[in-house]
Amino acid sequence: MTNRASSVASRQTGFAGETVRALASTLLLLGLIGDRRVR
């Protein structure tokens, strides 16, 4: 029971980390594109 709970918790944290990483990379790309458009 404890093992299953810990595995689910680790999976949720990993999913959150992946989501944050994807959002950060998207923001970086948008910032670069916007910077090029301004120049």
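Look above for the structure.
Conventions used here
- Residues numbered from 1 in each chain as written.
- Predicted model: local features only at pLDDT ≥ 70, side-chain atom pairs only at ≥ 80, totals over all residues.
- Heavy atoms only, no water.
- Helix = DSSP H or I, 4+ residues; strand = E, 2+ residues; numbered from the N terminus.
- Buried < 20%, exposed > 50% of the residue type's maximum accessible area, 1.4 Å probe, protein only.
- Areas by Shrake-Rupley, 256 points an atom, 1.4 Å probe, with all protein chains shown as cover.
- Salt bridge = Lys/Arg side-chain N within 4 Å of Asp/Glu carboxyl O.

Peer 1: How do you make sense of the overall build of the protein chain when you look at a structure like this?
Peer 2: Looking only at helices and strands, the protein chain features one helix and zero strands. C-alpha atoms of the protein chain, sized along the principal axes, occupy 55 × 5 × 5 Å. Of all 39 residues assigned to the protein chain, the portion counted as buried reaches 0%. With the model as given, the accessible surface of the protein chain reaches about 3800 Å², and the carbon-plus-sulfur share is 65%.

Peer 1: How should the pattern of salt bridges be read in this particular structure?
Peer 2: A side chain with one charge may pair with a side chain of the opposite charge, provided their charged atoms come close. In the structure shown here, the tally under the stated rule is one salt bridge. E18 is the salt-bridge partner of R21, the closest N and O atoms lying 3.1 Å from each other. Remark: E18 and R21 occur in helix α1 (residues 2-38); sequence separation between them is three residues, near one turn of the helix. Looking at R21, the relative accessible area reads 57%, which means it is exposed.

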